Amino acid sequence: MINEILARIRQGHRTMGYPAEPPPLLPERFRGRPVIDVSRCPDGCKVCADACPTSAISIDENARIDLGKCLFCTDCKEACPEGAISYSGDYRLSTRTRAALVVPQGEDLHLAEALDRRLRRLFGRSLKLRQVSAGGCNACEADVNVLGTVGWDLSRFGIQMVASPRHADGLLVTGCVTENMRLALQKTYEAVAPPKIVIAVGACAISGGPYLESPEQHGGAASTVPVDLFIPGCPPHPLTILDGLLRLLGRLEEKGRVGPAARA
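Quantities reported herein were computed from a predicted structural model and do not represent experimental measurements. Here the residue index of a chain counts from 1 through its sequence in written order. Two thresholds apply to this predicted model, a pLDDT of at least 70 for residue-level local features and 80 or more for giving and counting side-chain atom pairs, whereas whole-chain, interface and lining totals are computed over all residues. Hydrogens are left out, water is left out, and the side-chain values use all remaining heavy atoms of the structure.

Trainee: Could you give an account of the pairing of strand S9 (residues 170-174), naming the residues involved and the relevant values?
Mentor: Only protein chains enter the accessibility calculation, which uses a 1.4 Å probe. A residue is then buried if its area is under 20% of the maximum for its type, exposed if over 50%, and partly exposed in between. The helix count covers DSSP runs of H or I at least four residues long, the strand count covers runs of E at least two residues long, and both are numbered beginning at the N terminus. Counting buried positions along S9 yields five of five residues, so the element is predominantly enclosed. Burial along S9 is two-sided: Gly170, Leu172 and Thr174 facing one way and Leu171 and Val173 facing the other are all buried. As judged from the five bridges shared by strand S7 (residues 127-133) and S9, these two strands associate in the parallel manner. Looking at the pairing, Arg130 lines up with Leu171 of S9. For two strands to be treated as a pair, DSSP must find at least two bridges joining them. Where S9 meets strand S10 (residues 197-201), four bridges bridge the pair, whose relative direction is parallel. For Leu172, the partnering residue across the bridge sits in S10 and is Ile199. For a crossover, the right-handed case is the one in which the path from the first strand over the helix to the second runs clockwise, viewed with the strands pointing away from the viewer. With helix H6 (residues 179-191) bridging S9 and its parallel neighbour S10, the resulting β-α-β unit is right-handed.

Trainee: Could you give an account of the packing of aromatic side chains, with specific residues and numbers?
Mentor: Each Phe, Tyr or Trp ring (for Trp, its six-membered ring) is paired with any other whose centre lies within 6.5 Å, and the angle between the two planes then decides the class: stacked below 30 degrees, edge-to-face above 60, tilted in between. Applying the stated criterion across every chain, the model contains one aromatic pair. With centroids separated by 6.5 Å and ring planes inclined at 80°, the aromatic side chains of Tyr18 and Tyr91 adopt a geometry described as edge-to-face. Linking Tyr18 in the loop between helix H1 (2-11) and strand S1 (34-36) with Tyr91 in the loop between strand S4 (85-87) and strand S5 (102-104), this pair joins segments that are 73 residues apart in sequence.

Trainee: Please provide a residue-by-residue account of the pattern of salt bridges, values included.
Mentor: Any Lys or Arg side-chain nitrogen located within 4 Å of an Asp or Glu carboxyl oxygen qualifies as a salt bridge. Using the criterion set out here, one finds three salt bridges in the structure. Across the pair Arg98 and Asp66 runs a salt bridge, and its minimum N-O distance is 2.8 Å. With a gap of 32 residues between them, Arg98 in the loop between S4 and S5 and Asp66 in strand S3 (residues 63-66) connect regions that are remote in the sequence. Between Arg247 and Asp243 there is a salt bridge whose closest N-O contact spans 2.8 Å. Of this pair, Arg247 and Asp243 both sit in helix H8 (residues 238-248), four residues apart, which is roughly one turn of that helix. Arg247 gets classed as buried once you look at its relative accessible area, which sits at 4%.

Trainee: Any chance you could break down the environment of Tyr211 for me, citing the residues and the numbers?
Mentor: Tracing the sequence through the fold places Tyr211 in the loop between helix H7 (203-207) and strand S11 (229-231). Considering only alpha carbons, one finds Tyr211 and Pro236, 25 residues apart in sequence, at a separation of 17 Å. Apart from the residues within four sequence positions on either side, Tyr211 is in contact with Cys137, Cys176, Cys204 and Gln217. Pairs of residues are marked as contacts when any of their non-hydrogen atoms sit within 4.5 Å.

Trainee: Let's hear about the nonpolar core: which residues, and what values?
Mentor: In summary, soluble globular proteins display a tendency toward joint burial of nonpolar side chains. Formed by 36 residues in total, the largest nonpolar core has its most connected members in Ile57, Leu67, Leu171, Val173, Leu185 and Ala200. Elements with a contribution of two residues or more to this core: helix H2 (47-51), strand S2 (57-59), S3, S4, S9, H6, S10 and H7. When residues no more than four places from it in sequence are discounted, the contact partners of Ile57 are Ile36, Cys48, Ala49, Cys52, Arg64, Ile65, Cys76 and Ile85. With 32 residues, the next largest nonpolar core counts Ile159, Ile231, Leu242 and Leu249 among its residues. Residues enter a nonpolar core if they are buried and are Ala, Val, Leu, Ile, Met, Phe, Trp, Tyr or Cys, with the set joined through side-chain atoms within 4.5 Å.

Trainee: Residue-level account of H6, with values.
Mentor: For H6, the full list of buried residues reads Leu185, Thr188, Tyr189 and Ala191. Down the axis of H6, the buried side of the element spans an arc of 155°, and every buried residue falls inside it. Exposed residues pointing more than 90 degrees away from the buried face of H6 are listed as Lys187 and Glu190. On its buried side, H6 packs onto S7, S9 and S10. What the arc describes is the spread of directions from the helix axis to the C-beta atoms.

Trainee: Which residues make up H8, and what are the values?
Mentor: At 3.6 residues per turn, the α-helix brings residues three or four places apart onto the same side. For H8, the buried fraction is high: eleven of the eleven residues fall into the buried class. Buried within H8 we find Pro238, Leu239, Thr240, Ile241, Leu242, Asp243, Gly244, Leu245, Leu246, Arg247 and Leu248.

Trainee: Help me get a handle on the confidence of the model for the protein chain, residues and values and all.
Mentor: Overall, the prediction assigns the protein chain a mean pLDDT of 90, with 94% of residues at 70 or greater. Confidence of the predictor at the level of single residues is captured by pLDDT, which takes values from 0 to 100. Low pLDDT (under 50) marks residues 258-264, which in the prediction has 24 contacts with non-local residues, meaning those over four places away or in another chain.

Trainee: Could you give an account of unusual backbone geometry, with specific residues and numbers?
Mentor: Trans is the prevailing form of peptide bonds, just as negative phi is the prevailing case for residues other than glycine. Cis geometry marks the peptide bond from Pro194 to Pro195, where omega comes out at -5°. Here Pro195 lies in the loop between H6 and S10. Of note, the amide linkage connecting Cys234 to Pro235 takes the cis form, showing an omega dihedral of -10°. For Pro235, the location among the structural elements is in the loop between S11 and H8. Not every positive phi belongs to a glycine, and Asp153 is a case in point at roughly 50°.

Written out as structure tokens, the structure is:
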């Protein structure tokens with residue numbers, strides 16, 4: 001036992017200071033919000049849109065990227081002959097509405113706003129969530145689990161994952177909501193006492209992700225339950241998930257919109 005105590009003393013404090021301190025430095029390979037430099041796009045070119053596996057890119061009179069469908073792969077970037085597509089280092093991607101994730105290039109992303117005052121008083125300091133994997137590949141689930149490790153310590157914000165919907169204030173849903181999980185999601189939602197919230201994490205839970213053409217899935221959580229927060233990514237980085245949760249609870253002072261060239 002004495003050796004464990006001495007090792008813990010030598011290790012010191014491992015939990016990051018975010019959000020009171022700057023966020024941790026993300027690796028160079030991190031892919032934040034995708035950006036299209038429309039000034040470099042030849043007229044009529046739709047190569048990037050054709051290459052996108054989920055049709056997240058629309059090129060007509062404006063260029064738009066649906067962050068709810070985006071898998072943050074590099075297919076569009078690699079296909080573009082002009083190098084017009086890049087990924088910013090911005091991890092802040094969460095919104096309160098599905099429509100806000102469809103962003104015309106050159107316009108700002110409207111970040112998630114906090115819950116109303118009544119709900120913030122209920123959940124602002126203690127939020128218990130039941131995580132439901134409704135047909136995911138386990139990538140989003142793994143990054144949600146990372147938030148419970150010592151480096152992130154989600155519980156310091158009063159946010160905890162619980163084992164039963166009877167003990168929860170809301171649901172955190174991952175996965176595309178397969179036919180076999182739809183009823184289970186409905187029943188889990190009904191088991192949570194009102195008022196309650198639902199958080200959709202990842203492209204699958206928002207739009208169906210890479211499975212959106214499959215008849216065995218329902219295109220995300222909103223097909224079955226009302227969603228209060230959308231956190232895009234495939235999977236979203238733990239920092240993206242944490243940022244969205246804290247914005248929903250009004251725990252971040254920074255609010256408003258993020259431009260397309262923003263950096264972490």
